[in-house]
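Inside the fold
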Amino acid sequence: MAWFCAEYIADEMLRGSALVDGGSLEYRAGRETLALTVYLCDGSGEFAGAHAVASIEEWLNRTAYGYPWPEWVERRLTAREERGRSLGSGPAPDLLLARESWQWLSRTELLTTDLGDDTAHRQAAGRAGTVDEQTRVWTPAWQLGLPLGHLAIHLF
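Throughout what follows, the structure given in this document is the object of discussion.

The rules we used
Residues numbered from 1 in each chain as written. Predicted model: local features only at pLDDT ≥ 70, side-chain atom pairs only at ≥ 80, totals over all residues. Heavy atoms only, no water. Helix = DSSP H or I, 4+ residues; strand = E, 2+ residues; numbered from the N terminus. Contact = heavy atoms within 4.5 Å. Areas by Shrake-Rupley, 256 points an atom, 1.4 Å probe, with all protein chains shown as cover. Phe/Tyr/Trp six-rings, centres within 6.5 Å; stacked < 30°, edge-to-face > 60°. Buried < 20%, exposed > 50% of the residue type's maximum accessible area, 1.4 Å probe, protein only. Lys NZ or Arg CZ within 6 Å of the ring centre and 35° of its normal. Salt bridge = Lys/Arg side-chain N within 4 Å of Asp/Glu carboxyl O. Core = buried A, V, L, I, M, F, W, Y, C linked by side-chain atoms within 4.5 Å. Expected span 1.5 Å × (residues − 1).

As a further point, take the overall build of the chain. When its secondary structure is counted, the chain shows 7 helices and 2 strands. Going residue by residue from the N terminus, the α and β elements of the chain occur as α-α-α-α-α-β-α-β-α. Relative to all contacts within the chain whose residues are 6 or more apart in sequence, the contacts with residues 24 or more apart total 75%. Counting only carbon and sulfur atoms, one obtains 55% of the accessible surface of the chain, whose full area is about 8,800 Å².

This is the structure:
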């Protein structure tokens, strides 16, 4: 139930922000990234999002530019899996859904405009601070979903 609640919150935030088309892969990347953030920020793992309004600041911090989000996700998922093993039970269904979401986000690549941090390359080319919107790169889905999720939280 916790995973579905986290997905619902993420879906509501993204739909309300109207940043991308609801049927697009970009939308799914944003929803999955935000759902993982919501789910993993809930320490109990029992009912993600029960205190959604109080958690918004934490969600913003976790999705902020420069935060080591993928490492944080791996640590939190692993910790929950280990907790389940120590209790002598298998992984909870919510945790299995979260792990599946993370696998999709890390294995799926989307073709996007290169907004990378190659500042030195841009400066050498005389384009400091500018982005060539024609340059496209393949990037893991979470790298596109993370800023979408962050912006959706702000707009919520």
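The subject of this paragraph is the packing of aromatic side chains. Scanning the entire structure with this criterion turns up 3 aromatic pairs. With 5.6 Å between their ring centres and 70 degrees between their planes, Trp 69 and Trp 102 make a pair best called edge-to-face. One end of the pair, Trp 69, is in helix H4 (residues 69–86); the other, Trp 102, is in helix H5 (residues 93–107), and 33 residues separate them in sequence. The residues Trp 69 and Trp 102 share a single accessibility class, namely buried. One aromatic cluster is present, built from ring pairs that chain together Trp 69, Trp 102 and Trp 142. Of note, Arg 28 hangs over the ring of Trp 104, and the distance from its end group to the ring centre comes to 3.9 Å. Taking the ring centre of Tyr 39 as reference, the NZ or CZ of Arg 80 above it sits at 4.5 Å.

On to the environment of Pro 91, then. Within the secondary structure, Pro 91 is located in the loop between H4 and H5. On the basis of relative accessibility, which here comes to 45%, the residue Pro 91 falls in the partly exposed class. Counting along the chain gives 10 residues from Pro 91 to Glu 81, while the straight-line C-alpha distance between them is 6.0 Å.

Turning next to the pattern of salt bridges. Per the stated rule, a full pass over the model turns up 6 salt bridges. Measuring nitrogen to oxygen at the nearest pair gives 3.2 Å for the salt bridge that ties Asp 11 to Arg 15. Of the two residues, Asp 11 and Arg 15 are both situated in helix H1 (residues 2–17); the distance of 4 residues between them amounts to about one turn of the helix. Within this structure, Asp 11, Glu 12 and Arg 15 form a network of salt bridges that share partners.

Moving on: the nonpolar core. Among the nonpolar cores identified, the biggest contains 37 residues, and Leu 36, Trp 69 and Leu 105 are the most heavily contacted of them. Elements represented by at least two residues in this core include exactly H1, helix H2 (25–41), helix H3 (52–63), H4, H5 and helix H7 (141–155). Per-element tally for this core: the top contributor is H2, with 9 residues. Excluding its chain neighbours within four sequence positions, the residues that come into contact with Leu 105 are Ala 29, Glu 32, Thr 33, Leu 36, Trp 69, Pro 140, Ala 141 and Trp 142.

Moving on, we come to the environment of Cys 41. Within the secondary structure, Cys 41 sits in helix H2. For Cys 41, a relative accessible area of 11% translates into the label buried.

Over its 16 residues, H1 extends 23 Å from the first C-alpha to the last, a length consistent with the 22 Å expected when each residue adds 1.5 Å. For H1, every residue scored as buried is listed here: Ala 2, Trp 3, Cys 5, Ala 6, Glu 7, Ile 9, Ala 10, Met 13, Leu 14 and Ser 17. Immediately downstream of H1, the backbone of Ala 18 shows phi near 55 degrees, a positive value.

The next thing to look at is the side chain of Thr 112. Positionally, Thr 112 belongs in strand E1 (residues 109–113). Among the residues examined, Thr 112 registers a relative accessible area of 12% and is labelled buried. When near neighbours in sequence (up to four residues on either side) are disregarded, Thr 112 contacts Thr 135, Arg 136, Val 137, Thr 139 and Leu 144.

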